[in-house]
Amino acid sequence: MTVTLEVSEGVGTLRLERPPMNALDVATQDRLKELAEEATRREDVRAVVIYGGEKVFAAGADIKEMQNMDHAAMILRSRDLQDSFTAVARIPKPVVAAVTGYALGGGCELALCADYRIAADNARLGQPEILLGLIPGAGGTQRLPRLVGPSKAKDLIFTGRMVKAEEALAIGLVDRVVPAADVYTEAHAWAARLAQGPAIALRAAKEAIDTGVETDLETGLAVERNWFAGLFATEDRERGMRSFVEEGPGKAKFL
C-alpha cells in the first residue's frame, strides 16, 4: 500500500509509504482519497495526522508517470487529482500535517489541505511546477494564496523556489517548527489533545471557518449562527456547561 491509515488514541495517521520520495503517482492519489474518506466515516478517528515518514513528506508528483500523459489524458485525470486532495481538506475533523524533509509540488499542496502544519527544522517547501512549464494542479494556486496571501503565493509559484522552514514559518506557510526528530510526536500530541474534545463542536468550528473564508461576511455569520444554535441540542454542550458551572472552566470530559 502506498498510503496507510493507523489509529491510536483517537488519532488516525495517514502515512505516505512510497519510498524513496513519496512521489504522488495516480495509485497513491487514489489511495489517499480512499483513506481520507474512511477517516471521515470512522467514529474512532477523531483527529488526523498526515505524515510521510522521518526523511521526507512528499517530493511531488511522479514526473515520469506524468511525462507519458498527453493533454486528453490529463483532462480526464486532473479532476481526480484535485478530488483526492479535496477529500483530505474536507475531513470534518482536526487535521495536522507533520512535515519532514521535502514537501514540494503535490507534497506542499497536500500539506495545504491540513488545518495546521508542524514542520521539521530541515523541511523544504515549495511549488516548483513552473520549472516544468506547468502550474500547480492539486489546489496550490487556490489554497496557497488563501493561506499566505496572493503576493507571497505568486513569488513561490512564479519562481518555483523552495523555502526553508524558518521562512515558511515567517510567511505563515507552516505554524510551528520543531527539531526533525520531534515532528511526528508533536503532531500526534496536537491531534490527540483535540481528539478528546467535543467532536461535533470541532466539526462545526472547522466548517464555519472554512465556509466563511470562501464567502461574504453575512453568509459566514449565518453559517456560524446556525451551527452555534444547533450545538445547543448536543450532549457535549450540556456536559461542557454543567462542568463549567460545577467544576470551573476547562475540566469537561467529552466522549
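It should be noted that the structure appears before, not after, this text.
Residues numbered from 1 in each chain as written. Predicted model: local features only at pLDDT ≥ 70, side-chain atom pairs only at ≥ 80, totals over all residues. Heavy atoms only, no water.

Attention now goes to the nonpolar core. Side chains of a nonpolar character, in soluble globular proteins, are inclined to be buried together. Judged by nonpolar contacts, the single largest core of 45 residues is most densely connected at Phe57, Val88, Val99, Leu110, Leu125, Leu144 and Leu173. Per element, the largest residue contribution to this core is five residues, and it comes from helix H3 (residues 71–89). Of all hydrophobic cores here, the second largest spans 15 residues; its members include Val96, Ala98, Ala192 and Ala195. (Core = buried A, V, L, I, M, F, W, Y, C linked by side-chain atoms within 4.5 Å. Buried < 20%, exposed > 50% of the residue type's maximum accessible area, 1.4 Å probe, protein only. Helix = DSSP H or I, 4+ residues; strand = E, 2+ residues; numbered from the N terminus.)

Attention shifts here to the pattern of salt bridges. What the rule picks out here adds up to 15 salt bridges. The closest approach of N and O atoms between Asp44 and Arg42, which form a salt bridge, is 2.7 Å. When its relative accessible area of 38% is taken as the criterion, Asp44 is described as partly exposed. (Salt bridge = Lys/Arg side-chain N within 4 Å of Asp/Glu carboxyl O.)

Another aspect to go through is the pairing of strand E6 (residues 116–120). The element E6 is largely enclosed, with a buried count of four among its five residues. Of the strand pairs in this sheet, strand E4 (residues 95–99) and E6 are connected by four bridges, and their pairing is parallel. Each bridged residue has a counterpart across the sheet, and for Val99 the counterpart in E6 is Ala119. Two elements, E6 and strand E9 (residues 176–178), share three bridges in a ladder whose sense is parallel. Its bridge partner lying in E9, Ile118 is registered against Arg176. (Pairing = 2+ DSSP bridges.)

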